[in-house]
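Spelled out, the chains give:
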Amino acid sequence: MIRKCLFPVAGYGTRFLPATKAMPKEILPVVNKPLVQYGVEEASAAGISEFGFVTGRGKRAIEDHFDISFELEHQIAGSGKESLLTSIRDLIHNNTFAFTRQNEMKGLGHAILTGRNLMSDNPFAVILADDLCVVDEGEDSVLAQMVKLYNQFRCSIVAIMEVPEDQTHKYGVIAGESMKDGLYRVTDMVEKPAPKDAPSNLAIIGRYILTPDIFELLENTEPGKNGEIQITDALLAQAKAGCVLAYQFRGRRFDCGSIDGFVEATNYIYENVYKNNQ
Ligand code: UTP
């Protein structure tokens, strides 16, 4: 069973400055809900109930969001606005939230390693909240699809999607042997390759299931691209020693770490989710 999910949220979100000067990128609202809450809801729909966050300076708002605000509760108790808090109240009551800090930005791999004490020695999920994933009504959430696969194969899994060739430099890109429709056994992984060096157009997005041996591999991973400790380097070592799967998920992913993707997600959620719930 996958019971825990880690959210590395220590990044500075510089692409959104000045909005992210005093506010974490993960708290930016897509319509009426912070980005990070979409990720927690997706994991919760996959049966996960223990959440760990790797935060940093200036990220207090994330902790406050997943805690009760007594003044606010008191203020709106019994009013028509109470229903607006239902979704976050449900999350707070049914899950646990733990926080630790990454005090130096040494990359995603380092952030995941920093979360080790929150994940203990079990397989766990990782969500990068700036990738917002949506699925059709009645479909499993993207992470729920991956958890089902994990229960079958019991190894690390990365979510992938096809990207245009001129976009490979923004992602980790895999090469793999096809196992069945949309599922590959990873044979190679390259972090942010130029199109000519990309082993395919299958790019890793911000959804992972990792087996705990990843921590030791991360400890032995030297800084790679951009001087950061890259999760892709540790995953490649894991793939070579055993097995890592890459899964082409069903659903849509919005790159909310970029302005264009964020606006696209906002329009999509407004038209397809928010309006339907009014
Ligand atoms: P990004 O590089 O996309 O996010 O990292 P960023 O640094 O916050 O954004 P920009 O580029 O400055 O606008 C991907 C994810 O990994 C986390 C980030 O918080 C983000 O969710 N991350 C990255 C860490 O937690 N620690 C790191 O050292 C690096």
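Up top you'll find the structure we're talking about.
The paragraphs below set out a description of the structure included in this document.

1. Looking at the overall build of the protein
Next, step 1: In terms of regular secondary structure, the protein is built from ten helices and 13 strands.
Next, step 2: Over its C-alpha atoms the protein spans a radius of gyration of 18 Å, differing by no more than 12% from the 19 Å that the globule rule assigns to 278 residues.
Next, step 3: Projected onto its principal axes, the C-alpha positions of the protein cover 60 × 40 × 35 Å.
Next, step 4: Across the 278 residues that make up the protein, the buried fraction comes to 50%.
Next, step 5: A separation of at least 24 residues holds for 75% of the contacts in the protein among residues at least 6 apart in sequence.
Next, step 6: Entry remark: accessible area of the protein is about 13600 Å², with carbon and sulfur atoms responsible for 48%.

2. Thoughts on the site of the ligand
Next, step 1: The environment of the ligand is formed by 17 residues, the closest being Gly-11, Thr-14, Arg-15, Gln-102 and Gly-107.
Next, step 2: Measuring from an oxygen atom of the ligand, one finds a backbone N or O atom of Pro-8 at 3.1 Å.
Next, step 3: Here an oxygen atom of the ligand sits 2.5 Å away from a polar atom, N or O, in the side chain of Thr-14.
Next, step 4: For the ligand, the accessible surface in isolation is 570 Å², of which the surrounding protein chains cover 80%.
Next, step 5: The residue inventory of the shell around the ligand, partitioned by class, reads seven nonpolar, five polar and five charged.

3. Considerations on the state of the cysteines
Next, step 1: Applying the stated criterion across every chain, the model contains zero disulfides.
Next, step 2: Cys-5 forms no disulfide, and the closest cysteine sulfur to it belongs to Cys-133, at a distance of 12 Å.

4. Some details on unusual backbone geometry
Next, step 1: Following Leu-17, the chain continues to Pro-18 via a peptide bond in cis, the omega torsion being 10°.
Next, step 2: As for its position among the elements, Pro-18 is in the loop between strand E1 (4–8) and strand E2 (29–30).
Next, step 3: One non-glycine residue, Lys-192, adopts positive backbone phi at about 45°.
Next, step 4: Summarising the element assignment, Lys-192 is placed in the loop between strand E10 (183–191) and strand E11 (202–210).
Next, step 5: The exposure class of Lys-192 is partly exposed, given its relative accessible area of 28%.

5. Re the pattern of salt bridges
Next, step 1: As enumerated under the stated definition, the model contains 17 salt bridges in all.
Next, step 2: Here Glu-42 makes a salt bridge to Arg-207, at a shortest N to O gap of 2.8 Å. A residue pair is termed long-range when its members are at least 10 positions apart, and Glu-42 in helix H1 (residues 35–44) and Arg-207 in strand E11 qualify at 165 residues.
Next, step 3: Take Glu-42: its relative accessible area is 6%, and that puts it in the buried class.
Next, step 4: By relative accessible area, which is 1% here, Arg-207 ends up buried.
Next, step 5: Measuring nitrogen to oxygen at the nearest pair gives 3.1 Å for the salt bridge that ties Arg-116 to Glu-219. Taken as a pair, Arg-116 in helix H6 (residues 116–119) and Glu-219 in helix H8 (residues 214–219) lie far apart in primary sequence, 103 residues in all.

6. Re the nonpolar core
Next, step 1: Phe-7, Phe-51, Phe-53 and Phe-66 are the most contacted members of the largest nonpolar core, which totals 40 residues.
Next, step 2: Excluding its chain neighbours within four sequence positions, the residues that come into contact with Phe-7 are Val-36, Gly-39, Val-40, Phe-51, Gly-52, Phe-53, Val-54, Ile-127 and Ala-129.

7. Describing helix H7 (residues 142–153)
Next, step 1: Between its first and last C-alpha atoms H7 spans 17 Å; for twelve residues at 1.5 Å apiece the expected length is 16 Å, and the two agree.
Next, step 2: Of all the residues in H7, the buried ones are Val-142, Leu-143, Ala-144, Gln-145, Met-146, Val-147, Leu-149 and Tyr-150.
Next, step 3: Note on H7: the residue one or two positions beyond its end, Arg-154, has a positive phi of about 55°.

8. As for the packing of aromatic side chains
Next, step 1: One pass over the full model with this rule turns up eleven aromatic pairs.
Next, step 2: Ring centres of Phe-51 and Phe-97 lie 5.5 Å apart, and the angle between their planes is 15°; on these two criteria the pair is classed as stacked. In this pair, Phe-51 sits in strand E4 (residues 50–55) while Phe-97 sits in strand E5 (residues 96–101), placing the two residues 46 residues apart along the sequence.
Next, step 3: Given a relative accessible area of 18%, Phe-97 falls into the buried group.
Next, step 4: Following the ring pairs from residue to residue traces out a cluster consisting of Phe-7, Phe-51, Phe-53, Phe-66, Phe-97 and Phe-99.
Next, step 5: One cation-aromatic arrangement involves Lys-33 over Tyr-38; the distance from NZ or CZ to the ring centre is 4.8 Å.

Rules and cut-offs
Residues numbered from 1 in each chain as written. Predicted model: local features only at pLDDT ≥ 70, side-chain atom pairs only at ≥ 80, totals over all residues. Heavy atoms only, no water. Helix = DSSP H or I, 4+ residues; strand = E, 2+ residues; numbered from the N terminus. Rg over C-alpha atoms; globule rule 2.2 N^0.38 Å. Buried < 20%, exposed > 50% of the residue type's maximum accessible area, 1.4 Å probe, protein only. Contact = heavy atoms within 4.5 Å. Areas by Shrake-Rupley, 256 points an atom, 1.4 Å probe, with all protein chains shown as cover. Near = heavy atom within 4 Å. Polar contact = N/O pair within 3.5 Å; in protein donor to acceptor, adjacent residues only side chain to side chain. Nonpolar A, V, L, I, M, F, W, Y, C, P; charged D, E, K, R; others polar. Disulfide = S-S within 2.5 Å. Salt bridge = Lys/Arg side-chain N within 4 Å of Asp/Glu carboxyl O. Core = buried A, V, L, I, M, F, W, Y, C linked by side-chain atoms within 4.5 Å. Expected span 1.5 Å × (residues − 1). Phe/Tyr/Trp six-rings, centres within 6.5 Å; stacked < 30°, edge-to-face > 60°. Lys NZ or Arg CZ within 6 Å of the ring centre and 35° of its normal.

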